[in-house]
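If you want the building blocks of each chain, they are given just below.
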Amino acid sequence: MPNPLPFLPELAEIAGPLHRTVTDGPIPAATVHLLQLRAGQLLGSTYFTVRETGALRALGEPEERITAVATWHDAACFTPAERIALELVEAVLTPNPSGERVGDELHARASAHYDDREMWALVMAIAHIGFFTPAALIAKPIPGMPPGQNYTD
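Being a predicted model, the structure only gives us computed values, none of them experimental. (Residues numbered from 1 in each chain as written. Predicted model: local features only at pLDDT ≥ 70, side-chain atom pairs only at ≥ 80, totals over all residues. Heavy atoms only, no water.)

Let us now look at unusual backbone geometry. Phi at K140 takes a positive value of approximately 50°, unusual for a residue other than glycine. With respect to the helices and strands, the residue K140 is situated in the segment after α7 (116-139). (Helix = DSSP H or I, 4+ residues; strand = E, 2+ residues; numbered from the N terminus.)

It is worth spelling out the side chain of T53 at this point. Along the chain, T53 turns up in helix α3 (residues 46-58). Aside from chain neighbours lying at most four places away, what touches T53 is L37 and I66. (Contact = heavy atoms within 4.5 Å.)

Attention shifts here to the environment of L34. Topologically, L34 is positioned in helix α2 (residues 29-43). Taking relative accessible area as the criterion, L34 reaches 1% and is therefore assigned buried. Distance in space between the C-alpha atoms of L34 and F78 is 9.8 Å, their sequence separation being 44 residues. With near-sequence residues (within four places) excluded, L34 lies in contact with L56, R65, V69, F78, E82 and L86. (Buried < 20%, exposed > 50% of the residue type's maximum accessible area, 1.4 Å probe, protein only.)

What follows deals with α3. The terminal C-alpha atoms of α3 lie 18 Å apart, and with 13 residues this matches the ideal 18 Å at 1.5 Å per residue to within 8%. Burial in α3 covers these residues: Y47, F48, E52, T53, A55 and L56. Those residues of α3 hidden inside the fold are in contact with α2, α4 (63-68) and α7. The first or second residue beyond α3 is G60, which carries a positive phi of 90°. (Expected span 1.5 Å × (residues − 1).)

Below is the structure:
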């Protein structure tokens, strides 16, 4: 599909502040990109997976940590705070046939690592991926290309 901005220029007014909320927030950039990489994996989005892998490499993250995101449950290379961020994004994006996706126990464990401002920043980092999920899965932006140049026209 072509770049959406010529058709919906207002998207730039929405996406820009949402992106800045995530990138300028209190959560370390590596944590944000780790959870967004996991989201891309769960959603089956090559675009998100390539984008977040590249962002983590640009931050200097070791390949071990990048590749271990897919199996983070068993990987020893993540901090407790990173692990809870990964658990939160998995809970949000994985259906739970028996009830709530993010129950009180998970919220309490996350709150032990993150204060209220940081929790909201995590919520917005997950929402950021959620906002762009339909575009990534339907419009299929070209992986590895910068925004605005990642569509067919």
